[in-house]
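# Architecture and fold: a report
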Amino acid sequence: MNSDQRSAVSDQAPIASRQSPVANPQSPVSDLPDGDPVCVYAILPAAEIELPSIPGIDQTRPVYGLAGKAVQAVVSRVRADQFNQSALEAGLQDPAWIDVHVRAHQQVLDTLVATRQPVIPLRFCTIYRDEAAVRAVLTAHEPALVAELDRLRGRQEWGIKLFVAQEALQAAILTQHTEPGDLTFALLSVEGDDAALRALQTRIAGMSAGRAFLLQKKLDALVVQKADEITAGVVEESHAHLSGHAVAATSLALHPNPPGMELNAAYLVAERELDGFRAELARLGEEYGGAGVRYELSGPWPAYNFIELDLNGRGNDQ
Amino acid sequence: MSTDLTIRHKEVALLELLDRVLDKGVVVAGDVTISVADIDLIYLGLRVLLCSVERMQEMRYTNTVWHAE
């Protein structure tokens, strides 16, 4: 997008009701059947944005903008026979249907985020009877929508997942802590029970098989305990340091697969702080990589986890 | 903004998408044609289901790589 478009103010004169502020010449709205319901993906400022011609969750219908006064809804028609109540109920029971349609939904959101405009993402399959119903929502909630978009302007959500390979960490505990030059040494030495571990290792080496077996069990338990402590410390420190570069941060539910996920977090990062955020992530990766710790970055996302807007409590004015 | 670190969402696990799209998308009251009242339950059910489905896909992927080598 060029700077002229970015500077378009959100309180410009309302656009004629059937015209789309989303520049999308391949989707003449007038060709679409008026009877089909309207799926809403997101709400953005009314400023004109450039979008490639992309389909919505109904692959046969393109996405377009539906202008209110200061905000616009990004919508697509959906065929009534494919997206009615019973069809959706059936679809939502089918993981393959969900996969295809959730990814199509997110494709629209990705495209909107790439315009650098603030984006309020609506829940998957928010479907209205017609355009008038969508406009009524925009009108009813306009001040709150404008305030929320202002708050989100220039900010992006990024996801970070932290994985710990337990075998690598436990190996590091037993070996690397003997080398003071290693960065991991400082981490592993914090708890102060290295001496106990090393004494056990030494004793086991000179023992009969039976006693060595029992002591080895004790050593294994100590290593697991220490690995847990280190993991908790790394998670806490990582989240604290990354949060330091974010406007807001939140931790999300962990995923059991793939194994080893110890932190799943989202950060709302100001664009000007993005380099610092990434540099912090790179530093953490270098510092703890030797202890079996790995970070995964995803984004930029719409600010899913940082929306403060509550539009659920009241209806529109219809 | 550089895009080298931007993850394409096609590569993002479905569960991560659902955590946001189904669970965190803004719910707007109004003349909604489709009731989304049950979507919280659907999301929770999918979480449970996908944990095993994704593991299956992972194993399948590993198998493919194994055979390719």
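Attention in this report is confined to the structure presented alongside it. Fair warning: this is a prediction, and the values are worked out from it, not measured in the lab. (Residues numbered from 1 in each chain as written. Chains lettered and ligands numbered in written order. Predicted model: local features only at pLDDT ≥ 70, side-chain atom pairs only at ≥ 80, totals over all residues. Heavy atoms only, no water.)

### A word on the environment of Glu-16 of chain B
One can find Glu-16 of chain B in helix α1 (residues 14-21). Through-space distance from the C-alpha of Glu-16 of chain B to that of Arg-47 of chain B is 9.7 Å; in sequence the pair is 31 residues apart. Here Glu-16 of chain B is in contact with Lys-161, His-255, Ser-298 and Trp-301 of chain A, once residues within four sequence places are set aside. (Helix = DSSP H or I, 4+ residues; strand = E, 2+ residues; numbered from the N terminus. Contact = heavy atoms within 4.5 Å.)

### A short note on the pattern of salt bridges
Pairing between side chains becomes possible if they bear opposite charge and their charged atoms approach one another. Residue and element names in this part refer to chain A. Considering all chains together, one arrives at 17 salt bridges over all chains under this definition. Across the pair Glu-148 and Arg-151 runs a salt bridge, and its minimum N-O distance is 2.9 Å. Note that Glu-148 and Arg-151 are positioned in helix α4 (residues 131-152) at a spacing of 3 residues, about one turn of the helix. Owing to a relative accessible area of 5%, Glu-148 belongs among the buried residues under this scheme. (Salt bridge = Lys/Arg side-chain N within 4 Å of Asp/Glu carboxyl O. Buried < 20%, exposed > 50% of the residue type's maximum accessible area, 1.4 Å probe, protein only.)

### Let's talk about empty space enclosed by the protein
Summed over all chains, the structure comprises 2 cavities of 30 Å³ or more. Taken as a whole, the largest cavity spans an internal volume of roughly 150 Å³. Lining the largest cavity are 14 residues, with Val-113, Gln-117, Pro-118, Arg-155 and Gln-156 of chain A positioned closest to its centre. No other element matches strand β7 (residues 155-164) of chain A, which puts 3 residues into the lining of the largest cavity. Partitioned by chemical class, the residues of the lining of the largest cavity number 7 nonpolar, 3 polar and 4 charged. Each of domain 1 (3-153) and domain 2 (159-304) of chain A accounts for three or more of the residues forming the lining of the largest cavity. Approximately 40 Å³ is the volume attributed to the second largest cavity. Contributing to the lining of the second largest cavity are Val-40, Ile-43, Ala-73, Leu-122, Tyr-128, Val-134, Val-137 and Leu-138 of chain A together with Val-28 of chain B. When residues of the lining of the second largest cavity are traced back to their parent elements, those giving at least two are β2 (38-45), β6 (120-128) and α4 of chain A. The leading source of residues in the lining of the second largest cavity is α4 of chain A, at 3 residues. (1 Å grid on protein atoms, 1.4 Å probe; cavity = no way out; pocket = protein on both sides within 12 Å on 5 of 7 lines; lining within 4 Å. Points joined across faces, edges and corners; volume = space filled by probe spheres on them. Nonpolar A, V, L, I, M, F, W, Y, C, P; charged D, E, K, R; others polar. Domains from an automatic or database assignment.)

### Notes on the sheet that holds strand β9 (residues 261-270) of chain A
Residues and elements named next belong to chain A. As summarised here, the arrangement of the 4 strands in space is β8-β9-β7-β10, forming an open sheet in which the pairing is antiparallel. The open sheet is flanked by β8 (248-251) and β10 (293-301), the only strands paired with a single partner. The average angle at which neighbouring strand axes cross in this sheet is 20 degrees, direction not considered. Examined bridge by bridge, β7 and β10 share 7 bridges and lie antiparallel to one another. Within β10, the position partnered with Gly-159 by the bridge is Ser-298. (Pairing = 2+ DSSP bridges. Axes fitted to C-alpha atoms, helices over the stretch in contact; angles between N-to-C directions.)

### A few points about the packing of aromatic side chains
Residue and element names in this part refer to chain A. As enumerated under the stated definition, the model contains 3 aromatic pairs over all chains in all. Taking 6.2 Å as the distance between ring centres and 65 degrees as the angle between the ring planes, the aromatic pair formed by Trp-97 and Phe-124 counts as edge-to-face. Placement of the pair is Trp-97 in helix α3 (residues 95-113) and Phe-124 in strand β6, with a sequence separation of 27 residues. According to the relative accessible area criterion, Trp-97 is buried, its value standing at 17%. (Phe/Tyr/Trp six-rings, centres within 6.5 Å; stacked < 30°, edge-to-face > 60°.)

### Some points on the packing of helix α8 (residues 209-243) of chain A against helix α9 (residues 274-288) of chain A
All names here are of chain A. The geometry of α8 relative to α9 is characterised by a closest axis approach of 10 Å and an angle of 160 degrees between their N-to-C directions. Here α8 lies roughly antiparallel to α9, going by the angle between them. In the crossing of α8 with α9, the sense of the turn from one axis to the other is right-handed. Taken together, the residues of α9 that come into contact with α8 (itself represented by Val-234, Glu-237, Ser-238, His-241 and Leu-242) are Phe-277, Glu-280, Leu-281, Arg-283, Leu-284 and Tyr-288. Taken together, the residues of the contact of α8 with α9 break down into 6 nonpolar, 2 polar and 3 charged. (Parallel < 35°, antiparallel > 145°, perpendicular 65-115°, else oblique. Left-handed = near helix turned anticlockwise from the far one by under 90°.)

### Points about unusual backbone geometry
Residues and elements named next belong to chain A. Cis rather than trans, the peptide bond between Gly-299 and Pro-300 has omega equal to 0 degrees. Mapped onto the secondary structure, Pro-300 falls in strand β10. Non-glycine residue Arg-116 carries a positive phi angle of around 70 degrees. Mapped onto the secondary structure, Arg-116 falls in the loop between α3 and β6. With relative accessibility at 27%, the residue Arg-116 sits in the partly exposed group. Even without being glycine, Cys-125 reaches a positive phi, approximately 60 degrees. Along the chain, Cys-125 falls in strand β6. We classify Cys-125 as buried; its relative accessible area is 2%.

### Some points on the side chain of Gln-72 of chain A
Residues and elements named next belong to chain A. Note that Gln-72 resides in strand β5 (residues 71-77). Using a relative accessible area of 0% as the deciding quantity, one classes Gln-72 as buried. Within the local environment of Gln-72, its side chain forms a polar contact with the backbone oxygen of Pro-45, the two atoms lying 3.1 Å apart. (Polar contact = N/O pair within 3.5 Å; in protein donor to acceptor, adjacent residues only side chain to side chain.)

Interpretation in functional terms is not warranted from these geometric data alone.
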